[in-house]
Every structure is written in C-alpha cells, then in structure tokens.
Amino acid sequence: MKKLIIANWKMNPGSQRDASRLAHFVGRGLRKAKNVEIVLAPPFVYLPLLSNFKLPTSNFKLGAQDTFWEKGGAYTGEISALQLKASGVKLVIVGHSERRALGESNEVVHKKLNAALGGGLKAVLCVGEKEKEREIVFPKIIRDELHEGLRKIKKSLIKNLIIAYEPVWAIGTGKADTPKDVYEMSILLRRELYKMFGKKIASKVPILYGGSVTAENAAEFVGRGMVDGLLVGGASLNAKSFVKIVEEVGAT
Ligand code: 13P
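Residues numbered from 1 in each chain as written. Predicted model: local features only at pLDDT ≥ 70, side-chain atom pairs only at ≥ 80, totals over all residues. Heavy atoms only, no water.

Asker: For this particular structure, what's the right way to read the overall build of the protein?
Answerer: Scanning the protein for helices and strands turns up 10 helices and 8 strands. In terms of overall size, the protein behaves like a compact globule, its C-alpha atoms giving a radius of gyration of 17 Å where 252 residues would be expected to give roughly 18 Å. For the protein, the residues scored as buried account for 52% of the 252 residues in total. The long-range fraction of contacts in the protein, counting pairs at least 24 apart against all pairs at least 6 apart in sequence, stands at 72%. For the protein, the accessible area works out to roughly 12,200 Å², and carbon and sulfur atoms hold 54% of it. Between the averaged position of the 40 positive side-chain charges in the protein and that of its 25 negative side-chain charges there is a distance of 9 Å. (Helix = DSSP H or I, 4+ residues; strand = E, 2+ residues; numbered from the N terminus. Rg over C-alpha atoms; globule rule 2.2 N^0.38 Å. Buried < 20%, exposed > 50% of the residue type's maximum accessible area, 1.4 Å probe, protein only. Contact = heavy atoms within 4.5 Å. Areas by Shrake-Rupley, 256 points an atom, 1.4 Å probe, with all protein chains shown as cover. Lys, Arg positive; Asp, Glu negative; His and termini not counted. Charge placed at Lys NZ, Arg CZ, Asp CG, Glu CD.)

Asker: Help me understand the environment of Leu 230, please; the structure alone is not making it clear to me.
Answerer: Mapping Leu 230 onto the fold places it in strand β8 (residues 229–232). The buried category is assigned to Leu 230, whose relative accessible area is 0%. Along the chain, Leu 230 and Ile 245 lie 15 residues apart, while their C-alpha atoms are 9.4 Å from each other.

Asker: Is there a simple way to think about the UniProt feature "binding site: substrate" (unreviewed entry) in the protein in this case?
Answerer: On the UniProt side, "binding site: substrate" (unreviewed entry) is annotated at positions that read Asn 8, Trp 9, Lys 10, Gly 172, Ser 212, Gly 233 and Gly 234 here. A maximum C-alpha distance of 13.9 Å among these annotated residues, which run over 227 residues, shows that they cluster at one spot. Position of Lys 10 among the secondary structure elements: in the loop between β1 (3–8) and α1 (16–29). Sequence-distant contacts of Lys 10, defined by excluding residues within four places in its chain, comprise Ala 41, Pro 43, Gln 65, His 96, Glu 98, Ile 171 and Gly 233. Position of Ser 212 relative to the elements: it lies in the loop between β7 (207–210) and α9 (218–222). Dropping the residues within four chain positions of it, Ser 212 is found in contact with Ala 170, Ile 171, Gly 172, Thr 173, Gly 174, Lys 175, Ala 176 and Asn 217. One polar contact links the side chain of Ser 212 to the main-chain amide nitrogen of Gly 174, over a distance of 2.8 Å. (UniProt positions renumbered as here; feature names shortened; annotations may be inferred. Polar contact = N/O pair within 3.5 Å; in protein donor to acceptor, adjacent residues only side chain to side chain.)

Asker: Hey, could you run me through a positive patch on the surface in this one?
Answerer: Side chains of Arg 28, Arg 31, Lys 32 and Lys 34 sit close together on the surface and give a patch of like positive charge. Counting through the fold element by element, Arg 28 comes out in helix α1. (Patch = residues over 30% accessible without salt bridge, like charges linked within 9 Å, V, L, I, M, F, W, Y side chains within 5 Å. Salt bridge = Lys/Arg side-chain N within 4 Å of Asp/Glu carboxyl O.)

Asker: Before we go on, may I ask you to explain the site of the ligand in this structure?
Answerer: With respect to spatial proximity, the complete set of residues near the ligand consists of Asn 8, Lys 10, His 96, Glu 166, Ala 170, Ile 171, Gly 172, Gly 211, Ser 212, Leu 231, Gly 233 and Gly 234. For the ligand, an oxygen atom lies 2.9 Å from a polar atom in the backbone of Gly 233. One of the backbone nitrogen or oxygen atoms of Gly 234 is found 2.8 Å away from an oxygen atom of the ligand. Taken by itself the ligand offers 310 Å² of open surface, and the protein chains cover 95% of this. Here the residues of the shell around the ligand sort into 3 nonpolar, 7 polar and 2 charged. (Near = heavy atom within 4 Å. Nonpolar A, V, L, I, M, F, W, Y, C, P; charged D, E, K, R; others polar.)

What follows is the structure, given as structure tokens:
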C-alpha cells in the first residue's frame, strides 16, 4: 500500500502568492514521487487556487483542515462536507488537537466525522494525549477520543477512515515521539479498532503519525514505527523539507 503523507498547512501561508509559490515548488520537487500519496491541506481560502493548480503527478490530492456537520443552511462561517467535495477536496482532517483546544468536544468531532464520511470524503480522525505520561495502560484520553469519535459510524463508511496519532506534546515542539512508542501506540489503536469494527474492516484502516516530523525522522516512523503515513505541520511549509520527507518515505 502507498504511504500517505498529508501536509497540514494550518493557518499558513499569509497570501495567495505565497500559497501558490509553496504549491509550485512542492509540485516541482515531487514530479516523480513514487510509492506515496500526497495530500495538501491548505486553509479553505486557498482551496480554489490549489484545485486549479497543475500539480504534476496523479499522486496529489486536495485536503481540508475541518468541516461542519450540516449539509447547508444558516451557519455563518461554516463549510460543509458537500461544499468541500464540490471544491475538489478528497480528504478532511477532523478533531485536530488545535481545534479541540478551541473547545471542540468528542461529540462535535463525531458529528463532523460522520458528515465527512457520509458525504463521500476520506476523513482523518486525530487522537493524542496531552502529556507525555507513558503509562502501561493505553491512555484513557485516546480511547475516549477514538470510541466517542467513531461510535455509531456505519461499518460501510470505515473504508474511508484514517486515524492519525498525534501526541499533543509532540506537535510543533521539535520533540517528536520515538518510532518504538509510535509502533506500540499504533498496535493499541488497531486493537481498539478491531473491537469496534472487526478485524477484516479494521486491519485496512491506515494509521498515521504526526508531531514534529522532519526529513531526518520521517523514514524511521514508517520504517521502525510501521505507520502507514505521516501528518506533517511545520515542515510542510518549507517546500524543500516537505519534498525531502516525501522522498525519504518513498524510498523506504
Ligand atoms: P508539526 O509537524 O508542526 O509538529 O505539526 C503536526 C501537526 O499538527 C500536523 O497536523
């Protein structure tokens, strides 16, 4: 299976010009990318720009960083999964810790996830503990995020689900998790998914790692860490770094 690498641009860059420069250099650097599927998830305002952009390989897809759960109507400032789909978006990130920190509950995350999957998008459910307290038991916070996010989601929609393990303490801190711990967490996550959806369905759900991923550590996470891909924040804003990350992963 191709590794999945998602560039989460967060609230960057500051102008259309810089967004198109970044996309241009990423596209140029990855003309011949192999064994990887790349998703660029810019702020909503740059989606039209990027969907018209001639990104050179068929490996590129457009992503979004959030969605709303209703299909349309009087919801000032919100954007629906249907609107995203109509704008060329294929994948949406849901429940990122930066959104949870702004007050998004597991209930809200669940509604967004259901709307995204039901609307025909792939959806990345982000989970992660806040403190680096490596307990022997699987952290309750992750179990809750997983179970409450996924409860009552139809089994038939799970084929479009992706899980991203993003320990909050590793995001933007330069202190990435270790491949060994990421491997252990991915096993625990998969075990929970087995319980919820059965082995046949759950074994196909990709599990990604995110948190201070760089060109130096990327290959280790998909190698020793055995994850199916990466969710990259800061390093995706520098075309050279992002291209290198994709190349390193593609070469594993
Ligand atoms: P950093 O790569 O900047 O740590 O961010 C990770 C992240 O939050 C991706 O969604």
